[in-house]
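Each chain, letter by letter, is given below.
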Amino acid sequence: MTDVTDGVLHTLFHSAQGGHEQVVLCQDRASGLKAVIALHSTALGPALGGTRFYPYASEDDAVADALNLSRGMSYKNAMAGLRHGGGKAVIIGDPEQIKTEQLLLAYGRAVASLGGRYVTACDVGTYVQDMDVVARACRWTTGRSPEGGGAGDSSVLTAFGVFQGMRASAREKWGESSLRGRTVGISGVGKVGRHLVGHLLEDGADVVVTDVRADAVARITEQHPRVRAVDGTDALVRLAGLDVYAPCALGGALDDATVRDLTAGVVCGAANNQLAHPGVEKDLADRDILYAPDYVVNAGGVMQVADELDGFDFERCRAKAATIYDTTLEIFARAKIDGVPPAAAADRIAELRMAEATGSA
Ligand SMILES: NC(=O)c1ccc[n+]([C@@H]2O[C@H](COP(=O)([O-])OP(=O)(O)OC[C@H]3O[C@@H](n4cnc5c(N)ncnc54)[C@H](O)[C@@H]3O)[C@@H](O)[C@H]2O)c1
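Here we summarise the structure given alongside this text. Quick caveat, the model's predicted, so the values are computed rather than measured. (Residues numbered from 1 in each chain as written. Predicted model: local features only at pLDDT ≥ 70, side-chain atom pairs only at ≥ 80, totals over all residues.)

**A few points about the site of the ligand**
Right, so step 1: Taken together, 24 residues lie near the ligand, and Gly-188, Gly-190, Val-192, Ala-249 and Gly-301 sit nearest.
Right, so step 2: At three residues, the largest contribution of residues to the shell around the ligand is made by helix 7 (residues 191-202).
Right, so step 3: Here the shell around the ligand is built from residues that sort into nine nonpolar, 12 polar and three charged. (Near = placed C-beta within 6 Å. Helix = DSSP H or I, 4+ residues; strand = E, 2+ residues; numbered from the N terminus. Nonpolar A, V, L, I, M, F, W, Y, C, P; charged D, E, K, R; others polar.)

**Considerations on the pairing of strand 5 (residues 118-122)**
Right, so step 1: Taking burial as the measure, the five residues of strand 5 include five buried ones, the bulk of the element.
Right, so step 2: Alignment of strand 3 (residues 47-54) against strand 5, held across five bridges, turns out to be parallel. Looking at strand 5, one finds that Ala-47 is bridged to Tyr-118. (Buried ≥ 20, exposed ≤ 12 C-beta atoms within 10 Å, placed from the backbone. Pairing = 2+ DSSP bridges.)

**Regarding the pairing of strand 9 (residues 244-247)**
Right, so step 1: Both faces of strand 9 are covered, namely the face carrying Val-244 and Ala-246 and the face carrying Tyr-245 and Pro-247.
Right, so step 2: Pairing between strand 6 (residues 183-187) and strand 9: four bridges, direction parallel. Of the residues in strand 9, the one forming a bridge with Gly-185 is Tyr-245.
Right, so step 3: Relative to strand 10 (residues 266-267), strand 9 runs parallel, the two being bridged by two bridges.

**With respect to the sheet that holds strand 2 (residues 33-41)**
Right, so step 1: The five strands are arranged 1-2-4-3-5 in an open sheet whose pairing can be described as mixed. Single-partner strands in this sheet number two, and they are strand 1 (22-28) and strand 5. Taking the axes of each pair of neighbouring strands and ignoring which way they run, one obtains an average angle of 25 degrees across the sheet.
Right, so step 2: Strand direction decides the pairing type here: strand 2 and strand 4 (residues 85-92), joined by six bridges, are antiparallel. Along strand 4, the bridge assignment pairs Ile-37 with Ala-89.
Right, so step 3: Each of strand 2, strand 3 and strand 4 touches helix 2 (residues 59-79); the most contacted strand, strand 4, lies at about 155 degrees to it. (Axes fitted to C-alpha atoms, helices over the stretch in contact; angles between N-to-C directions. Contact = placed C-beta atoms within 7 Å.)

**Comments concerning the environment of Arg-226**
Right, so step 1: Within the secondary structure, Arg-226 is located in the loop between helix 8 (214-223) and strand 8 (228-229).
Right, so step 2: Once the C-alpha coordinates of Arg-226 and Ala-112 are considered, the two residues, 114 residues apart in sequence, prove to be 49 Å apart.

Quick look at the structure:
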C-alpha cells in the first residue's frame, strides 16, 4: 500500500508548494465529479479563484495544479488590493466528455459546503454559463453571465489591464507611456489577445501576432489589415525590431531558449505563470529585458469577478483596472530600490500584505 505521506500530504505539509490552509477533496460518484479545492490563504478575506476543468494525467497532477494555482491567486489578489485570499479548484476529467448539469450542481454543493471560505469563478475549461449552473447550488459563485446576473466575459478588462501594465513598462523602459511607433508581438490572440490588439492599434503601435489556430489569426488580420502575422512563437520572439513581447497563450512562455533569443526589451502579457522556472526572472534582468510580472498586469479579470460580488459596475471596475498602471510602476521602483528583479519585488509586496493582515509582519 502506498504511504500517503509520500504523496499529497507530503506536498501539502512539507514541500515548497505547501503552507496552504486547507485542501478539500470532493467526490460525487453519481455525476462523476472528482474535484480538488485548494485554499492557500484567507488572510485578506475569502479565497477567490477560478475552477479549472482539465483531463489531468494523474490525480497527483491535479492536486499539484490546485496547490500551485491557488498560491498564485493569493499573490494576485493581494497585489490587486482585493479583500480576498487565494483559492482555486480543479475538476478532474475532459470537460467535453463529462461536463453535465448534474456534475456542475454537485460541484456547487461542494463549494457551498465551505460556507463562503472559497468563492469560485471560471478558468480553463469552465465558462460563464457553467457558473450560472454552479450558482444554483452555491451562492459563493462569481464569473456568471449577464443573463445569470453576472458581469460576463472577463477578458475585456483583463486586456485593458495588460495594456495599462504595458504603458507603465514603456514609461519605465523608454521614458514615455505611449506605445506609438513600438512593435508589439502577441503570442495567442484568443479572448484576451484579441482585445489587446485593439488597444495597441488605437495607441499607434505596430502589432505582430501569432497563434496555433489559423482561424484566430485570420480573424485579427481580416479585422485589422495593418496587423502582421508570423508563423509561430519562435519566429515572433526572434523578430528583428520587436520592442515588446506579450505572451497571451499558455503558461511557461519564458523558458531559457526564449529568454536567450528574445529581441524585445520588454515582456508584458496576459498569460498566467509565464516564468518557466525559478531564476528566469534573473536571466531576463541580466539581459536588460524589463519583465512586467504576469499576475500584476493580468489582474483585470479577477478585479471584475470580485466586483461582481458587490453588484457589477463596469465603469467602477474599469477605473480599478486602470490602477494597474501605477501598481506596475511601483513594482519597478521597488525592484530598483531593493536591487531585485520586478517579479521578486512583486512577491515581496504581496507577501507583506498577507503577513500584515495576519499580524505576522
Ligand atoms: N480571460 C481572462 O480574463 C484571463 C485573466 C487572467 C489571465 N488570463 C490568462 O491569459 C491567457 C489567455 O487567456 P484567454 O482567455 O485569452 O484564453 P483563450 O483560450 O481564449 O486564448 C488563448 C489563445 O492562445 C492560443 N494558443 C494556445 N497555445 C499557443 C501557442 N503555443 N502559441 C501561440 N498561441 C497559442 C490559442 O489558440 C488561443 O487562441 C491564459 O494564460 C489565461 O490563463 C486570462
